Amino acid sequence: MPHDQCPSTVKGEKQRPSKEQLASAPRTLQRVNGRAAWRSLDEAVDAPEFRDFLEREFPAGMAELVTREAVDLSPAGAARDNESRRDFLKIMGASVALAGAATIPGCRRPDHKIYPYGAVAPEEVIPGKPLFYVTSMPTEDGGALGLLVETHEGRPTKIEGNPLHAHNLGKANQRALAEIQRLYDPDRRTFPVYRNPARGNVPATWDDFRAWATEHFATHAAHQGAGIAFVVRKNASPTRAALRDRLLGQSGRWRNAKWFAYSPAWGEAEFEGTRLAFGRPMRVVPMMTREKTSVILCIDRDLLDNDPMMLPASRQHGATRTLWGPDDPMSRLYVVESGLSATGGSADHRLALPPAMVTAFAVALANFVLPRLQEPGSQAVAGALAALPAAPADTIDRVFLEECAKDLLDAANRGRSAIFVGETQPAPVHALVAALNQALGNVGQSIGYVPVDPETASSGHAALGALASGLRDGSIKTVICVDANPAYDAPGELGLPELLEKTTLISLAVGRDETGALALWQLNQSHFLESWGDTRSADGVIAPIQPMIAPLYGDSMSEIEFLALMASTDFGARVDGYEIVRSVWRARGEWWGGAAGDFDTRWRRALHDGVVPNSAFKAETPAPNFDAIATALAQLPAPAAASPQALQARFETTHVGDGRMANVAWLQELPQYGTKVVWDNPVTMSLRTAEALGVLPVGYSKKDPNRMYTQDLYPHARVAEVTVNGRTFRAPCWVLPGMPDNTATLPLGYGRANAGLVGDGVGVNFYPARTGAGYATGVTIKPTGDTYPISSTQNHWTLDGKDSIIRAVDLPAWRKHAGELQRVVDRTYGTESTLNFAERLGELSHMPPNLSIYPNPFNRSNADADPNDRTPAKPDAPRYANNRPPAYAERPQWAMTIDMGSCTGCGVCTIACQSENNIPVVGKKEVAKHREMHWIRVDRYFTGDDINSPSGIHHQPVCCVHCENAPCEVVCPVNATVHGPEGINYMTYNRCIGTRYCANNCPYKVRRYNWFDYGVKKFNGDYYGKEVVEKVAPDRGGVTGSGRHNKINPNLIPPRLREKLDEIATMGMNPDVTVRSRGVMEKCTFCIQRINFAKHECTLANIRDQEGHVVVPDGFFDVACAQACPTNAITFGDWLDPKSRVHAMRANARSYALLGYLNTRPRVSHMVRVMNPNPEILKRTDKARFEHMEDPFHHGGGGDGHGGEGGRGDDGHGGTGEKPHAYIDSRKRNGDAGYAMSLRVLGGRA
Amino acid sequence: MTSIHPDQLNAQRLAGVARGPTPPPVNDPSTGDGTLIDTPGVRPPLILNQRGFGEITDIVCGYTENKPPRWWLPAFLSAFGLAQLGGVMILYLVITGIGTWGLNNRVDWAWDITNFVFWIGIGHAGTLISAILCLLKQKWRTSINRSAEAMTIFAVICAATFPGIHIGRQWMAWMLAPVPTANAIWPNFKSPLLWDVFAVSTYGTVSLLFWYMGMIPDFATLRDRADRRLRRSPDDGPTVAPFLPVRSDKIRAYVYGFLAMGWRFSSRHWHRYEAAYLVLAGISTPLVLSVHSIVSFDFATSIVPGWHTTIFPPYFVAGAIFGGFAMVLLLLIPARQLYPNMKDLVTLRHIENMAKIILVTGMMVGFAYSMEFFIAWYGANFNERYAFQNRMFGPYWWAYWTMISCNVISPQVFWNKKMRTNVVVVFIVSVLVTIGMWFERFVIIVTSLHRAFLPGQYGMFEPSLVDIGIFAGSFGVFLTLFLLFLRFLPAFPMAEIKAVLPQASPHGLAGHGAGDDSQHAGTAHGTTKGGH
């Protein structure tokens, strides 16, 4: 039992607060602290900090600096302590210099206090004008991302990737973008909480903690820390590593303490595998390029989405597949996987297998490939492979295996391929793939290896096991969890929650968590946007973390500050992240090339750029130890087939990551890949498996696979008892076409019990089922008879025969026809138009050209119906006939293209847009009613003949396409949505009365209506029916559920009776964008605030074209979605700028207008997805499509006069008595010429 | 109460309050109640039981002057309660947000606009009867036009509610009006919703004028009768309330006097009245066609498959007349059963005539349904075809087939004369048609929207309790107003009915076997004269 050592409660050194004070303390403190950051001057003058500041004359911290007992970790630190006077001047000088170079008022100066602008505001702060600063963040897999943060008057409001950071080059993942919401999360820990044995949790202060720690750790000091355990997340930060060494090193104060680092959702199989292969842990980095990579194979690795290498891999993969002309190279992607991932969805050929069979596939592939390569030394491996038991016959698609192997072996692809293997697979498979890559000559070409620090490479599972055993045998008495939550995410077999409860537990974290609930001390951590620090990305880039804002909740400590405090001999010492980082960096001369130089200059440079130059690891080409690999292979278990009685289950992460982000509503409401489910983590499986297990969704019928969505307003899943590794969970089951049979996914990161209003009780926590392996076997699923409502943003699986929406062709067709233009002459009207490759695939190929019967006042003439005719009128032409220039002929004309060929469906654009445009979340119940507010969504469609094994999954991001002939504009009775001269469809919120006619008439359904006060009222957690919570999570049931859930949909309460948005939460809003009230329609604005900002800047800079108009150079700015897209699938710019990217993209033959036949003339065009299938596989499996590849525009490739034939066009393949096709409408196939070609790829037969 | 004036006694007798001799009922089934004679050359009576002018006056005025039947108060209270429920729901809706309805971003209109179009359609029968049948000299209209017009007004009131409350910011509804503002932003005159505002308000205004103008002579009669009673016995007669010693006749005289606008039955008044009535009928006639055409433009001018159809204007007008007549029957059949002597005024002939109109318009509607499908197929537009296929076999198949069976199949029974003269059958078919016409609008609106273009944005609509409550409330408002109308306003145009009586014919009473009408006529004249 922990002793009550808190001085504030035991010794009475301070006045003991009354019960009433204690009861009201959290609220008061939160408000006081929460407001500190933007307190007005009037309020501030009474604040103690301000008085303090006045008294000192100098910025706070200066006094300490002069006579400090600073924590300085560098060897030179002690010597420099004598130079404190010089430091004083330096820092005073630096704070001025930094203001010019990199810092901002919101950014902490060395004095760490933020205070209101006085009479003289800092020079660079112009109210209303955002400032951008770089920083970086540690990611949950132990790596890091470089970030660029937009701040408004010291408030960070939007996160983007740091373009100078070599790892992510301006891109960021969903979680990084959503960190804004975590920073301003009202449920964060706001002050230390001490668990008094007698009175429960009482609010405390950091001083209380320091006093308590002085006393408590004195007992440990005698044993140099024996009995202390630090539990941390894996983090490659150099400063943290230095602190760890200081704590635990030879001379460390706590050299007998234990240090347990782990990443809950990420395994170490890759490092184990490389350790087997190379003798030391390494990390595989993709180095794919357009020129050097032609074949990629991913073995159960979601390289393009949930992966430490997501951003570089997406960037590189997108680059290998961007087609400009018919002769461009294109890579081919094979994916073998046990789930359905974004990578699988992007694949040209995908094979779904249960996880154990994926191992068997890797073995079989190596068995096929290695003997044919004769790589010196690899004979041992080949021999070991041959000795392994073969997989049961017919479990692995031989055609796929052989043709994929042949493709890899093809001389033309030698050294131009890349094989990646994922987390679910055991270490020997990783080693085997290392051997394969070596033998294929890929190493140093398409992939490389970089070193991994020992902590990242260590086994997190083993660490937690050691912690548990230490706790059990009593050798560990004090556990210090720093940003770690083992009570939630540890494997259940360890029984950690019970053990931790009995120990002296100190928990430092940003948000509430389950470990904190058990802790003696819950300490509030600074968010990374509030603190100093540094990071090292997976590929080695070192980047600083610099604060954008002073800690919102008064006193708080960052991880390094806390560890420094722990390392200090005096718990009352002042710790200073800024100094800690600087002292570490100063000592690392090798980072700076070893040359002598001015550290401060370099430091400022690093703060400005956000990176330490040239710090990325050089990719290595280590030689594998084939014998070791062969030995390891022998340990592989025999391939076990999965069956409905013994399923295999894979653990995977989704948008909320490992669960730390569970209280971020943006991520909870971001539709999950494939299922599009939000606010839940149902166990997904294939339809066949669900049927065999009796857990098909309620209402599902084979005849109508969408019936579960139409039977009831809320689709209902069946709740099942899922038994994994001896633990049983009650979880809803959902279907996901494309999943391998007899396989289930167990998404991690949900089921938080103590995350906050948003995250509590959402989904089921599957962490207890983990045992350290990437997947589980022998899983059983038994229906319980209960049902559970599921919300998803897309309630239809397929294209429903409307195939010209998604257009996809095979590469040979593109090669052959990309350059052709088809002239269509309409026989009746005598009009003609020209169709590009993409337009020939859709309705326009057999329609009369669009011709307005009215002279369109916005066009130059009624014959100007060609949406691609953008040539500006000649200067001598009578341009000003009506005393005004023709519409859309003057720069700028904004336009966008969305490339469905490179879109992976990851959803980063949605989050970027949500953050930029203050888009509210609406909650599960409202999503179930189709009221989600996302301005850009990613529609997904499964294609193929059988929903059980769809041939493909296609993604189509759709935002407002800004039609030139906008159907929404004409029907609005109050002129609330009108067209701008730059081609943007404006939405005037003030004018809107909410008739919703525009939304009805929008064929793209991109308009979003504020059914309630979503934006300005508090998002009050989520609605769960009480009975549902009780059934699914009995421990959280009862009258009040978890105590915080709403019993009714809070939106149904009149807004005046509801709480307003928390002040903290409003700080994350973009001040340039209106927060919409209820009753108002909204939609994508093309980030009009960014456009106007750019135009102002360019006006100020006097950038003009030859006609004197202000123009915005291409790339001067980007809209949020285009900026964020990891594959650069979205391009935005000025269409009339002949040098702009968007101009080139619109002119590309792959560009077509979605639903273009409606003559809406959208400014957003989509681009045909070109697939690169292996002809040999098609020849052996899909003969019809293969033959089709040769001559897609059959019968002479189309030609003049085709347009008039309309409904009679015959594609020559119709009605040949083939089996019926689930997704292809037979009525359509005669009506559309290019349709047939696209259809082959979409998986049907025309 | 020893002595009672013979006029009053007669009025009480005719109202069923006092006993008196009544003519024997007609037993010949082929002629129904005597109005269904089909023999050429024989003009069947429009009013039964050889009512004289005075009797007509007594019957019609009696509905407002005598104590209401026993069922009236409970019926009124239930209807009023329902109306209040709707009112509370509307209040909640305005306070909380449109999200309390089941609408969503896939189906942005559902019950709100369905109800709007439904109620607007209901009103069409009234205008058709009062205007078009007036111009066509269809004398039988006189017995039903007043109540049909009243129904029109009440239906327009119900209809106008829905566009008013369905917008997201109801307090900004004034922005639909072409009010010049300082920043010179006008409404969008290209929007059909704005046309709706003008069409419906014009329609409502003209219908109200028409209705009110027709009632002026009858108000004068009611005024005169109250005034006469007051003069005859100033201290006698009912009071407004037991504790309020104000004679109700006094209030009647004032109120009806005010409403009668000084009508004195002079020839000049009648002359002006006839001319104005004709002019209003002329104005109303195109409105019958225009209003629902314009309402249909809400859909027809859009690009939504299933809405974007040129057939909509005539189809909607036919449907509106169809639904409107069903509603007239729905109101008048119970009323004539429950109100004394109303069967003499609203005869089986009226019911049969309306049933025939229902049959004809029902088939027009059916034809329109089939043409929609034909064009969807013939037009070769994939989305159009999909929309109609989805209508029949999609998730809302039940709504579609309800509509077809109610609107197309059920009126077919009216081919049989026995059926269309059987009030129970006619009533049941009217109920079905009313349901079917509501579903027609539901099918058009919801099934077209819920699966429009992109399969990724398919969705469903499910009504909430607020949807249901407000719809029920609109029925409450409608019935409340109609019951008040029956109670306090002249439910039949007395002067016009008298004009179609045989004894009003300047050519005498030949061939109609009218007996002692001179006595009644004298009474009638005496009554009106006595008013002065």
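Bear in mind the structure is a predicted one, so any value in this text is a computation, not a measurement. (Residues numbered from 1 in each chain as written. Chains lettered and ligands numbered in written order. Predicted model: local features only at pLDDT ≥ 70, side-chain atom pairs only at ≥ 80, totals over all residues. Heavy atoms only, no water.)

## Description of the interface of chain B and chain A
In many reports, interface size means the accessible area that the parts give up when they come together. At the junction of the two partners, chain B supplies 62 residues and chain A supplies 66 residues. With both sides pooled, the region where chain B packs onto chain A buries about 5,400 Å², and carbon together with sulfur makes up 54% of that total. Looking only at chain B, the three residues that lose the most surface to chain A are Asn105, Phe382 and Leu454 of chain B, adding up to 14% of its buried area. One salt bridge connects Arg996 of chain A with Asp112 of chain B, and the closest N-O pair in it is separated by 2.8 Å. (Contact = heavy atoms within 4.5 Å. Buried area = accessible area lost by both parts, 1.4 Å probe. Salt bridge = Lys/Arg side-chain N within 4 Å of Asp/Glu carboxyl O.)

## Description of the sheet that holds strand β14 (residues 478–482) of chain A
The strands that make up a sheet pair up through hydrogen bonds in the backbone, lying either parallel or antiparallel. Residues and elements named next belong to chain A. Read from one edge to the other, the open sheet built from seven strands follows the order β5-β4-β16-β15-β14-β6-β7, with strand pairing classed as mixed. The two strands at the open ends of the sheet, each matched to only one other strand, are β5 (200–203) and β7 (258–262). Neighbour to neighbour, the strand axes of the sheet diverge by 15 degrees on average, direction disregarded. Relative to β7, strand β6 (residues 228–233) runs parallel, the two being bridged by five bridges. Considered in β7, the bridge of Arg233 is made with Tyr262. (Pairing = 2+ DSSP bridges. Helix = DSSP H or I, 4+ residues; strand = E, 2+ residues; numbered from the N terminus. Axes fitted to C-alpha atoms, helices over the stretch in contact; angles between N-to-C directions.)

## Description of the domain arrangement of chain B
Residue and element names in this part refer to chain B. Partitioning chain B into structural domains gives domain 1 (77–169 + 187–301 + 477–503) and domain 2 (305–461). On a C-alpha basis, the centroid separation for the pair domain 1 and domain 2 is 24 Å. Counting residues at the interface gives 43 residues for domain 1 and 39 residues for domain 2. Contact between domain 1 and domain 2 buries roughly 3,600 Å² in total, counting both sides, with carbon and sulfur atoms accounting for 79%. Taken as a group, Arg106, Trp140 and Phe299 account for 19% of the area that domain 1 buries against domain 2, more than any other trio of residues on that side. Our enumeration of links across domain 1 and domain 2 arrives at zero salt bridges. Our enumeration of links across domain 1 and domain 2 arrives at seven residue pairs in polar contact (both at pLDDT 80 or more). Elements with a contribution of two residues or more to the side of domain 1 that touches domain 2: α4 (111–122), α5 (124–135), α6 (145–166), α9 (267–300) and α17 (465–488). Class assignment for the residues of the side of domain 1 that touches domain 2 results in 28 nonpolar, 11 polar and four charged. (Domains from an automatic or database assignment. Polar contact = N/O pair within 3.5 Å; in protein donor to acceptor, adjacent residues only side chain to side chain. Nonpolar A, V, L, I, M, F, W, Y, C, P; charged D, E, K, R; others polar.)

## Quick word on the sheet that holds strand β2 (residues 144–152) of chain A
Residues and elements named next belong to chain A. The strand order across the open sheet built from three strands is β1-β2-β3, with neighbouring strands paired in antiparallel fashion. In this open sheet, the two strands that pair with only one neighbour each are β1 (131–138) and β3 (155–161). Neighbouring strand axes in the sheet, compared pairwise and without regard to direction, differ in orientation by 35 degrees on average. Across eight bridges, β1 lies against β2 in antiparallel orientation. Residue Pro138 lies in a different strand from β2, and its bridge partner there is Ala144.

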